[in-house]
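The primary structure of each chain is shown beneath.
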Amino acid sequence: MCGIIGYTGSENAVPRLLEGLRTLEYRGYDSAGIAIFSEKNSLTGIKSKGRIENLEAKLSYFPDASVSHCGIGHTRWATHGEPSDINSHPHGTPRVYIVHNGIIENYAELKDFLISQGYTFSSQTDTEAAALMIDYCYNLTQNPADAILSAVKRFKGSYAIGAVFSSEPGKIYAIRKDNPLIAAISSDGCFIASDLPAVLKYTDNYMRIDEGELAVVEQSGIKIYSPDKTEVKRDFKKAEWDVSCATKGEYPHFMLKEIHEEPTALFQTLYPIISDGMPNFDSAGLNDTRLKKFKKIYVVACGTAMHAGLVGKFIAEKMARVPLEVEIASEFRYKNPILDKTDMVIIISQSGETADSLAALRLAKQCGAYTLGVVNVPGSSVAREADGVIYTHAGPEIAVASTKAYTVQLGIMYLFAFRLAYAHEKMDSSQLRKYTQELITSVPELIHKILDTQSECAAISKKYKNAHSAFFIGRGLDYALSSEAALKLKEISYIHSEAYAAGELKHGTLSLVCEDTPVFAFAGCADLLDKTISNLREVRARGGKVVLICQQGFQVPSDSYDDILYLPSCDQMFTIFPAATIAQLIAYYTSLELGRDIDRPRNLAKSVTVE
Ligand code: M6R
């Protein structure tokens, strides 16, 4: 929910911190701050409400900002206390400053204790309690590592923390629990960061810091210690992503760039799973015998990833005739689910760090279920903790609104459903090969065709941009897609939008449809077209405006829609892919028309590492 960065080295720290913060802004962007050592090794905290530009403007008043070689930085998504200068990070005392991502759940208790010890608080944040507790422990131990290790023993909650101590100029300490943190080394120094893209401009040599480990970062290198202070030897890895992944390139927004990356991302995700023309999940410990044995299969996820699960449910049940339940992770984790070792739980997560999804994964493991992570970020918590992992190779997704990650998650869900159907003898090997081939070769092409005609989506967006409310409807697979389409539009345009099963609108919601209400109807499947058309007429009879999205070549009566967008003709099972791209483009262009902050919509953050 927040982004943290740290640099220590021979170069000027501040440009590196600001660069890192800009890349991490997708994690939170309501305020930003840094703590830096001056040339004379004094420690200063500088922070500002609002975007990084505000912080940058403030820095011109601090001469140390142009000569510092070590510092930590933070970009915030407020959890405790409104966005303000005071609540911005870093927090601390002249002796120690920290930046923090996560939530210290027992901060009130810590605060009471610290007040009883003579401390005073200036912010409303949980982080200040953590910072002052580290200061308190430092006062007792006079040793930064001991201070951090003993302070975190008192914390309940989640944290990735970067800390600097005035007694140790040039050194950064970092520790984490349930929130991501990496360390990296470049030719001129070392970094800590919430996420790899923040350092890719300077280096591709990195290591992950594991739960509870303490990293001590200096210009010369990085040392990792276990909680009992034993040194842990860890090799650097080479980043799988390059710096171009973290830049917009020729595109005005990351979201548009990421939509355009979908065909490639889909191919790159599916290709490694295919062997002898068939999907193969052996590397995740899933052969056909095992697949057949699971009594129950769940997909547990949040937001867009959960919506990919809804599509997976439809395809798996249709093809394999095996029930698949989809659960919202924040509900699943507290519902005492009926699970045991005969069951399988698939956790889908782009970031692999979503707090609710991670908690659901841990619960499923405790119950003895086999857990499979479908994850985009290499080495993320879900990837490391699940029994098996399938990576989606979409590359970093920076825009808060998920687009290419959804497309590749769908791809995995399809391959999984196909193999499940084969394992259950509902599909033979030639059918399995045919569907697999179609998914990997034809589907990227279908998406390309939509991208080539994106001006049509832009025109529809312009026409309906002033709507107060919008509905997305469909039947079957198209209904599963509608949930994602509605989320996309509301998330970045702030237009209220809801998804409904096309046949369900008349059971109450139709009362909301009036003359300026666009109803976007997905009708990719020929076998349900007539039923959907009846529903569209019901909408038009109440003055609603229908935008129909259907396959090229479908015979559609002209009185059933106001506007029409065509999907390239293809097997109806696959129309959801180009239809998803249309939904994303409509959300994008509507938000563009409305002048929204597309990549960083209000109130949101990319990676939701708090409950
Ligand atoms: O990283 P995850 O896939 O676990 O994230 C889950 C949701 O927070 C995420 O999909 C969210 O709904 C997107 N911002 C929607 O565009």
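Reading the values: the criteria
Residues numbered from 1 in each chain as written. Predicted model: local features only at pLDDT ≥ 70, side-chain atom pairs only at ≥ 80, totals over all residues. Heavy atoms only, no water. Buried < 20%, exposed > 50% of the residue type's maximum accessible area, 1.4 Å probe, protein only. Helix = DSSP H or I, 4+ residues; strand = E, 2+ residues; numbered from the N terminus. Pairing = 2+ DSSP bridges. 1 Å grid on protein atoms, 1.4 Å probe; cavity = no way out; pocket = protein on both sides within 12 Å on 5 of 7 lines; lining within 4 Å. Points joined across faces, edges and corners; volume = space filled by probe spheres on them. Nonpolar A, V, L, I, M, F, W, Y, C, P; charged D, E, K, R; others polar. Domains from an automatic or database assignment. Contact = heavy atoms within 4.5 Å. Axes fitted to C-alpha atoms, helices over the stretch in contact; angles between N-to-C directions. Salt bridge = Lys/Arg side-chain N within 4 Å of Asp/Glu carboxyl O. Phe/Tyr/Trp six-rings, centres within 6.5 Å; stacked < 30°, edge-to-face > 60°. Lys NZ or Arg CZ within 6 Å of the ring centre and 35° of its normal. Near = heavy atom within 4 Å. Polar contact = N/O pair within 3.5 Å; in protein donor to acceptor, adjacent residues only side chain to side chain. Areas by Shrake-Rupley, 256 points an atom, 1.4 Å probe, with all protein chains shown as cover. Sits in = over half its atoms within 2 Å of the grid points.

**Notes on the pairing of strand β10 (residues 189-193)**
In step 1: Of all 5 residues in β10, 5 are buried, a share of seventy percent or more.
In step 2: Residue alternation in β10 divides its side chains into two sets, Gly189, Phe191 and Ala193 and Cys190 and Ile192, and both sets are buried.
In step 3: When strand β1 (residues 3-9) meets β10, the two strands line up antiparallel, connected through 5 bridges. Within β10, the residue paired with Thr8 across the bridge is Cys190.

**Focus: the layout of surface pockets**
Over the atoms a probe the size of a water molecule is rolled, and this reveals where empty space is left.
In step 1: Roughly 640 Å³ of internal volume is contained in the largest pocket.
In step 2: Together, 28 residues line the largest pocket, and Cys302, Gly303, Thr304, Lys606 and Val608 are the ones closest to its centre.
In step 3: Contributions of two or more residues to the lining of the largest pocket are made by α9 (303-320), β20 (344-349), α11 (355-366) and α16 (477-493).
In step 4: Partitioning the lining of the largest pocket into residue classes produces 12 nonpolar, 11 polar and 5 charged.
In step 5: Both domain 2 (254-451) and domain 3 (454-594) contribute no fewer than three residues apiece to the lining of the largest pocket.
In step 6: In this model, the second largest pocket occupies a volume close to 450 Å³.
In step 7: In terms of lining, the second largest pocket is formed by 20 residues, of which the most central are Arg22, Thr23, Ala246, Lys248 and Phe254.

**Quick notes on the side chain of Ser186**
In step 1: Structurally, Ser186 can be placed in the loop between β9 (182-185) and β10.
In step 2: Under the relative-accessibility criterion, Ser186 is labelled buried at 12%.
In step 3: Not counting chain neighbours up to four residues away, the residues in contact with Ser186 comprise Phe191, Tyr202 and Thr203.

**Quick notes on the sheet that holds strand β15 (residues 237-238)**
In step 1: Strand order across the open sheet formed by 8 strands is β3-β2-β4-β1-β10-β9-β11-β15, with antiparallel pairing between neighbours. Across the chains shown, the open sheet's two edge strands, defined by having one partner strand only, are β3 (43-49) and β15.
In step 2: Relative to the sheet, helix α1 (residues 13-24) contacts β1, β2 (31-37), β4 (70-76) and β10, its axis offset from that of β1 by approximately 155 degrees.
In step 3: Here helix α2 (residues 52-59) sits on the sheet in contact with β2 and β3, set at roughly 135 degrees to β3.

**Description of the pattern of salt bridges**
In step 1: Applying the stated criterion across every chain yields a total of 39 salt bridges.
In step 2: Across the salt bridge formed by Glu19 and Lys201, the nearest N and O atoms sit 3.4 Å from each other. Note that Glu19 is positioned in helix α1 and Lys201 in the loop between β10 and β11 (205-208), a separation of 182 residues in sequence.
In step 3: Exposure remark for Glu19: the relative accessible area of 24% places this residue in the partly exposed category.
In step 4: A salt bridge links Asp178 to Lys177; the nearest nitrogen and oxygen atoms lie 3.7 Å apart.
In step 5: Within the structure, one salt-bridge network assembled from shared partners comprises Glu25, Arg51, Asp597 and Arg600.

**Focus on the packing of aromatic side chains**
In step 1: In this structure the tally under the stated criterion is 19 aromatic pairs.
In step 2: Ring plane angle 85 degrees and centroid distance 5.8 Å describe the contact between Phe155 and Tyr159, whose orientation is recorded as edge-to-face.
In step 3: One aromatic cluster is present, built from ring pairs that chain together Tyr414, Phe418, Tyr435, Phe574 and Phe577.
In step 4: Taking the ring centre of Phe113 as reference, the NZ or CZ of Arg154 above it sits at 5.3 Å.

**A look at the site of the ligand**
In step 1: Near the ligand there are 15 residues, and of these Ser349, Gln350, Ser351, Thr354 and Glu491 occur at the shortest range.
In step 2: At 2.4 Å from an oxygen atom of the ligand is found a side-chain nitrogen or oxygen belonging to Thr354.
In step 3: Within the side chain of Glu491, a nitrogen or oxygen atom sits 2.7 Å from an oxygen atom of the ligand.
In step 4: Relative to its free-state accessible area of 420 Å², the ligand is covered by the protein chains to the extent of 90%.
In step 5: A molecule is said to occupy a pocket when more than half its atoms come within 2 Å of that pocket's grid points, and by this definition the ligand occupies the largest pocket.
In step 6: Going through the elements one at a time, α9 and α16 are the ones with two or more residues in the shell around the ligand.

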